[in-house]
Structures are given as C-alpha cells and as structure tokens.
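One letter stands for each residue in the lines below.
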Amino acid sequence: MTDRWYRELRQRFRELGADLRPHALELDRDPEAIRAHFDLPAVRYLAAMGVPAEYGHDPEPIAGRPCHGARARERVVIMEELAAADAGMLVAAPGPLLAGVLVGLVADERQRELFYGRMLQRPLWTFFALTEPDRGSDAAGLTTSLRPADDGGYLLTGAKRYVGNACRAQLGVVFARTGPGPLGIVPVLLETPAEGFTAEPLPSIGLRGARISAIELDEVRVPAENVLGRHLSPTRRGMWAFVQTFNLLRPGVAAIGVGMARAAHEYVLAHRRAPSKDERRRIDALGRRIDGARALTERAAEAVDARTSDGHLASAAKLRAGNLAEEAALLACEFFGPAARLEHPLLDKLVRDAKSLEFIEGTTQVQQLNLAQGLVSGKVDGTRRSA
Ligand SMILES: Cc1cc2nc3c(=O)[nH]c(=O)nc-3n(C[C@H](O)[C@H](O)[C@H](O)COP(=O)(O)OP(=O)(O)OC[C@H]3O[C@@H](n4cnc5c(N)ncnc54)[C@H](O)[C@@H]3O)c2cc1C
C-alpha cells in the first residue's frame, strides 16, 4: 500500500469518527448505550474488522481498494482516528478484534468458518480471556484447567478477570491449561451462554465502554473440535499464540494512545481562546510529541506485519503512546483552570480513559522489560537482522 492510500484511509476514518464523538459521554454513563448505535458506519466496520476476504468480508473500498483491517499497519490508522473521536465507542463496538487475530493464527478451517462466518451475520461481541485474578502480567502461570470429559470433550474450570466485553459476548477465546509449563497452555473457542459460564461487569472509572468483566468457569463443556490449534505443535498454539496475538495488536493499542493524546491536543486547540506565547509553545510541543509517537507506532506496525515475533518496537510504541495519552490529558486540563475536569466533561473522561492504557495489553513495567530484552539482544535496532 502506498502512503497516499494510507492518507485516504486516515481521511475516511476521520470522517467516520465524527459520528462517534457525540455519543462519548452517553456511553461513559451507560456502556450498554452502544446497542443503539450499531448502524453507525464506524461501528459496522469494527464489527467485521479483520475478517479475511475469503470468508465473505467485503468492506467499502478506500481509494479503489478494500481495507479488511487484517494488517497492523491498517489498524493503527483506523484505531488512532476512531480513538481521537472517542476511545470508549471504539472499544465498546462489537467485533472480532483480539480473538479474531488469534483465530487467524491458530484455528483450523472449520473453526475459522465458524468464527468469521458468525461475525458477518450480525454484530456480536467477542472476548479474549487470558488474565486471571492472581496472575495478571504472569500470564504463563495461568491456572484455569481444561480436563477431558467422559463424552470425548473437555471441561473448563477457573476464573478470569478484566476481560473486555465478556459480559455481553456471544463468542470468545479462553486460555487454559492441560498440563504443566508453557507447552501445557491451550486456547479454546467458547460459545456463550454456556452452562457453568458467568461473566459480570466490573465497576470501572475509565474506558467504561470496554465493559471489563470477571468470568467464572465451573466445568464448562467444550467440544473437542473447539480446542484451537489441535492440528499444530504445542510450541505453536498456547503461549506462542497469545504472544504473537499481542504483538500484532499492541501497535493498535499504541495507536489508541496516539488518538487519545490527539483528542486532548485538539480539545485545547479548539477551546483555549487566545493562548499566551508560552501556552502556544506548550501546545506546539505536545503536537510534535504526538507526531513522534505516531511515527513510532507506524514503524512498530510495519515490524509486526513483516514478522509477528518482532514485537519489541510495539512495546516501545505502547509505552510511549500510553504515557503520552495520560500526560496530554492532564496537560490539557492545565489550560482550563483548577476546575477543568468539572467544567469540561470530555477532558475529565479523557483523563480517566487514558489511565487504562497503563494496563491494556501489558503494563508499563512489563513493556519496559520487553523492550530492554529487545535492546540487549539487538532485536530493536536491527543489528540481529543485518547480522
Ligand atoms: C481496559 C482494560 C481491558 C482489558 N482487557 C483484557 C482482555 O480483554 N483480556 C484479558 O485477558 N485481560 C484484559 N485486561 C487485563 C490486562 O491485560 C491486565 O490488567 C494486565 O495483564 C495486568 O495484570 P494485573 O492488572 O493483574 O496487574 P499485575 O500483573 O498484578 O501488575 C501489578 C503491577 O506490578 C507490575 N509488575 C507485574 N509483573 C512485573 C514484573 N515481572 N516486573 C516488574 N513489574 C511487574 C505491573 O507493571 C503493575 O504495575 C484488560 C485491562 C484493562 C485495564
């Protein structure tokens, strides 16, 4: 794809994002309000984003080419633009997202048809359940168990936490353990409602559209054919699969950070009348930092599109953009006096939403560790590849 095509993609999603902003505060008050907005073109697009063409996904062409949203480089443009409009609406929208990327990596043909086919029938939420109450960042230590049942299938038992959209999803992926160690982890496809499955929304102050949920799994039946990656070697389905999925999606999370920082910057530009010279300098400096974070995010997306295991730049981008989103939202408040968060509800919401970027797809410290590992091993500056 050419730079011109990406510019057109950006322009198109900027237009679509304009429909999201008016619902931002409504959704913040009631995350279920998204149900009334399934017909917005941006929400319709997200409902099938990432479904490959061969499963019947036929999105509107952008400058003569359809954009399936299956590449990280496409997603960073789309997610920045929609997050700049409202990140809450973006994460509240139904669609395949993380689960869809994992299905693309490890599902067999029947599972792909089941998953992607259902995405195209009507908007439905999916979930990706990895995090556990006592094993957040230490995902490899998960304890949810998958054990054989008498009927040839499996029984799933355990608990998951902070899983986006799980309380309203109809289809999801759950990571569980069939044996010890990293090779004992397997993802399964779960259709809900299911006996033994409960998911309750958790109270949250930021990014409330994500509807993060607590899941309880009490001997939930999983047919053998819903175990993902059965046809692959154990090294290619459990931990490998979620690391690659995160690598592919993390530039998109960074792009959400860029979009949120932009929302704060644009808010100041639109509402701070007659800024002083010093204020002007601070506003311009923020704009330049946003441009820098965007450039890094685009590089990170290109790196994972070229090779899914090259996720170190994605960690750098998520770190940079996540921190910037928080700083930008707080900085924006400074332009509107001590009562800024009371008098400017959109800024208040931005401050709360931006904080969630500390946690989504790996905490700040864990990204730092990942990046440091990449630097030490020469994977970040390209020395490994040119060696
Ligand atoms: C809006 C939102 C949406 C989410 N969506 C999903 C989802 O869809 N599916 C899902 O499975 N999960 C989801 N999560 C969970 C998210 O991935 C976890 O919050 C994250 O993995 C961190 O886990 P934790 O919150 O238990 O924190 P912990 O892992 O307990 O971390 C607590 C603190 O300790 C630090 N820390 C942890 N380990 C180390 C270490 N080795 N070295 C140094 N410091 C360390 C962390 O950086 C952090 O500051 C979501 C979270 C949020 C906020």
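These numbers were taken from a predicted model, which means no experiment stands behind them.

Enquirer: Go over the nonpolar core, please, and point to the residues and values.
Expert: Within the largest apolar cluster, 97 residues are counted, with the highest numbers of intra-cluster contacts made by Leu9, Phe127, Leu156, Leu190, Ile215 and Met260. Apart from residues no more than four positions distant in its own chain, isoleucine 215 is found in contact with Phe127, Ala129, Gly158, Ala159, Lys160, Arg161, Val163, Ala166, Phe197, Thr198 and Ala199. In this structure, Ala99, Ala107, Phe175 and Ile185 belong to the second largest nonpolar core, which totals 25 residues.

Enquirer: Describe the site of the ligand, listing the residues and the values that go with them.
Expert: Close contacts around the ligand come from 15 residues, with Phe128, Thr131, Ser137, Thr363 and Gln365 the closest. Here a nitrogen atom of the ligand sits 2.7 Å away from a polar atom, N or O, in the side chain of threonine 131. One of the side-chain nitrogen or oxygen atoms of serine 137 is found 2.5 Å away from an oxygen atom of the ligand. In isolation the ligand offers 980 Å² of accessible surface; the protein chains occlude 67% of this area. Here the residues of the shell around the ligand are counted per class, giving 9 nonpolar, 6 polar and no charged.

Enquirer: I'd like to hear about the UniProt feature "domain: Acyl-CoA dehydrogenase/oxidase C-terminal" (unreviewed entry) in the chain, residue by residue, with values.
Expert: Using the residue numbers shown here, the UniProt feature "domain: Acyl-CoA dehydrogenase/oxidase C-terminal" (unreviewed entry) corresponds to residues 237–375. Spanning residues 237–375, this segment combines 81% helix with 0% strand, and its end C-alpha atoms are found 26 Å apart.

Enquirer: Hey, could you go over the UniProt feature "domain: Acyl-CoA oxidase/dehydrogenase middle" (unreviewed entry) in the chain for me, with residue numbers and the actual values?
Expert: Mapped onto this structure's residue numbering, the UniProt feature "domain: Acyl-CoA oxidase/dehydrogenase middle" (unreviewed entry) falls at residues 128–220. Within the segment residues 128–220, helix and strand shares are 0% and 46% respectively, and the terminal C-alpha atoms sit 16 Å apart.

Enquirer: Pulling in residues and values, what's your account of empty space enclosed by the protein?
Expert: This structure, assessed with the given rule, holds 3 cavities of 30 Å³ or more. In this structure, the largest cavity occupies an estimated 120 Å³ of space. What lines the largest cavity is a set of 15 residues, among which Arg21, Ala85, Ala263, Leu346 and Leu350 lie closest to the centre. Of all the secondary structure elements, the ones that give two or more residues to the lining of the largest cavity are α4 (72–92), α7 (239–271) and α11 (345–355). Of the residues assigned to the lining of the largest cavity, the class counts are 11 nonpolar, no polar and 4 charged. The two domains that each donate at least three residues to the lining of the largest cavity are domain 1 (4–93) and domain 3 (239–377). Within this model, the second largest cavity holds a volume of roughly 50 Å³. What lines the second largest cavity is Lys318, Leu319, Gly322, Asn323, Glu326, Leu357, Glu358, Thr364 and Gln367. Of all the elements in the fold, those that place two or more residues in the lining of the second largest cavity are α9 (312–334) and α12 (364–376). Tallying contributions element by element places α9 first for the lining of the second largest cavity, with 5 residues.

Enquirer: Which residues make up the side chain of glutamate 361, and what are the values?
Expert: Among the structural elements, glutamate 361 can be located in the loop between α11 and α12. Within the buried core, glutamate 361 has no salt-bridge partner, and the shortest N-O distance to an opposite charge, that of arginine 250, equals 4.0 Å. Contact partners of glutamate 361, with chain neighbours within four places excluded, come to Leu98, Phe246, Leu249, Arg250, Val253, Lys318 and Gln367.

Enquirer: Please set out the pattern of salt bridges residue by residue, giving values where relevant.
Expert: As enumerated under the stated definition, the model contains 38 salt bridges in all. Across the pair arginine 71 and aspartate 305 runs a salt bridge whose closest N-O atoms are separated by 3.8 Å. Taken together, the residues span a long stretch of sequence, with arginine 71 in the loop between β2 (65–66) and α4 and aspartate 305 in helix α8 (residues 277–306) at a distance of 234 residues. Residue arginine 71 is classed as partly exposed on the basis of its relative accessible area, which comes to 41%. Notably, a salt bridge pairs aspartate 348 with arginine 352, separated by 3.1 Å at the nearest N-O pair. With aspartate 348 and arginine 352 both in helix α11 and 4 residues apart, this pair spans about one turn of that helix. One connected set of salt bridges, linked through shared partners, spans Arg10, Arg14, Arg73, Glu80, Glu81, Arg262, Glu266, Asp291, Arg294, Glu298 and Glu302.

Calculation rules
- Residues numbered from 1 in each chain as written.
- Predicted model: local features only at pLDDT ≥ 70, side-chain atom pairs only at ≥ 80, totals over all residues.
- Heavy atoms only, no water.
- Core = buried A, V, L, I, M, F, W, Y, C linked by side-chain atoms within 4.5 Å.
- Buried < 20%, exposed > 50% of the residue type's maximum accessible area, 1.4 Å probe, protein only.
- Contact = heavy atoms within 4.5 Å.
- Near = heavy atom within 4 Å.
- Polar contact = N/O pair within 3.5 Å; in protein donor to acceptor, adjacent residues only side chain to side chain.
- Areas by Shrake-Rupley, 256 points an atom, 1.4 Å probe, with all protein chains shown as cover.
- Nonpolar A, V, L, I, M, F, W, Y, C, P; charged D, E, K, R; others polar.
- UniProt positions renumbered as here; feature names shortened; annotations may be inferred.
- Helix = DSSP H or I, 4+ residues; strand = E, 2+ residues; numbered from the N terminus.
- 1 Å grid on protein atoms, 1.4 Å probe; cavity = no way out; pocket = protein on both sides within 12 Å on 5 of 7 lines; lining within 4 Å.
- Points joined across faces, edges and corners; volume = space filled by probe spheres on them.
- Domains from an automatic or database assignment.
- Lys, Arg positive; Asp, Glu negative; His and termini not counted.
- Salt bridge = Lys/Arg side-chain N within 4 Å of Asp/Glu carboxyl O.

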